[in-house]
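Take a look at the letters that make up each chain.
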Amino acid sequence: MYEPIRTKSVHSMAEQDFPHRSRAEELDIRLAGHLTALLTTLDELRALTPSDALDDAADRLAEQVARLRGGDFPLRARPSGDDRGRLPSLRRRAHTLAGNALVVANSRSDKAAAALAAEVLRLHDDAGKLATA
């Protein structure tokens, strides 16, 4: 009654051998991305408002990114301009990125990255309260 199917199934094509990343590898990549974006934002903030706390956090972020990337340190941002009007938006961005990094670090049970992200989150939460006061 019905003619047999002569082409390969789309389901069997999906079973081909090609490299897949594990969940842990995907989380490493995502966490490294969030931490790199946070590092870039901190570098911009450091240029506008020099601070020992920001310097220390940026150095530790660079070390965490290097650890996640197998020893490759991230490129550091060279901030441009002296527009202090960007401070509130940079602080909000740093707060958001630190929160994202904290979520991913907790997902992969990375205590060192989670502690650092929480520290940066608190640092910018306090800075945001001071800026609006």
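Here the structure is a predicted model, which means the values were calculated and not measured. (Residues numbered from 1 in each chain as written. Predicted model: local features only at pLDDT ≥ 70, side-chain atom pairs only at ≥ 80, totals over all residues. Heavy atoms only, no water.)

Attention now moves to the overall build of the protein chain. In terms of helices and strands, the protein chain carries five helices and zero strands. Listing every helix and strand of the protein chain by position from the N terminus yields α-α-α-α-α. With 133 residues in all, the protein chain has 32% of them scored as buried. The contacts in the protein chain between residues at least 6 apart in sequence include a share of 71% that link residues at least 24 apart. Here the protein chain displays about 9,000 Å² of accessible surface, and carbon together with sulfur accounts for 53% of that area. (Helix = DSSP H or I, 4+ residues; strand = E, 2+ residues; numbered from the N terminus. Buried < 20%, exposed > 50% of the residue type's maximum accessible area, 1.4 Å probe, protein only. Contact = heavy atoms within 4.5 Å. Areas by Shrake-Rupley, 256 points an atom, 1.4 Å probe, with all protein chains shown as cover.)

Our next topic: the nonpolar core. In this structure, Leu31, Leu35, Leu38, Leu42, Leu45, Leu61 and Val120 are the most contacted members of the largest nonpolar core, which totals 29 residues. Of all elements in the fold, only helix H2 (23-48), helix H3 (52-68), helix H4 (87-107) and helix H5 (111-132) reach the threshold of two or more residues within this core. Looking at this core element by element, the count peaks at nine residues for H2. If we ignore the near neighbours within four places in the chain, the residues touching Leu61 are Leu35, Leu38, Leu39, Leu42 and Leu116. (Core = buried A, V, L, I, M, F, W, Y, C linked by side-chain atoms within 4.5 Å.)

Glancing now at the environment of Val120. Here Val120 lies in helix H5. Given the relative accessible area of 0%, Val120 is considered buried.

What follows deals with H4. Two residues of an α-helix separated by three or four positions point the same way, owing to the 3.6 residues in each turn. Helix length check: H4, at 21 residues, gives a terminal C-alpha distance of 30 Å against a target of 30 Å (1.5 Å per residue), a fit within 8%. Among all positions of H4, only Leu87, Leu90, Arg91, Ala94, Leu97, Ala98, Ala101, Val104 and Ala105 are buried. Along the long axis of H4, the arc covered by the buried residues comes to 155 degrees, so they all point the same way. Every exposed residue of H4 that faces more than 90 degrees away from the buried side is listed here: Arg92, Val103 and Asn106. Backbone geometry just downstream of H4 places Ser109 in the positive-phi region, at approximately 55 degrees. (Expected span 1.5 Å × (residues − 1). Arc of directions from axis to C-beta.)

So, on to the side chain of Thr36. The residue Thr36 is located in helix H2 in this model. You can call Thr36 buried: its relative accessible area is 16%. For Thr36, the contacting residues outside a window of four places in its chain are Val65, Arg69 and Pro74.

Working definition: two side chains of opposite charge can pair if their charged atoms are close together. What the rule picks out here adds up to 11 salt bridges. Here Arg76 makes a salt bridge to Asp59, at a shortest N to O gap of 3.9 Å. Taken together, the residues Arg76 in the loop between H3 and H4 and Asp59 in helix H3 connect sequence positions 17 residues apart. With a relative accessible area of 42%, Asp59 lands in the partly exposed category. Its salt-bridge partner being Arg60, residue Glu119 comes within 2.8 Å of it at the nearest N-O pair. (Salt bridge = Lys/Arg side-chain N within 4 Å of Asp/Glu carboxyl O.)

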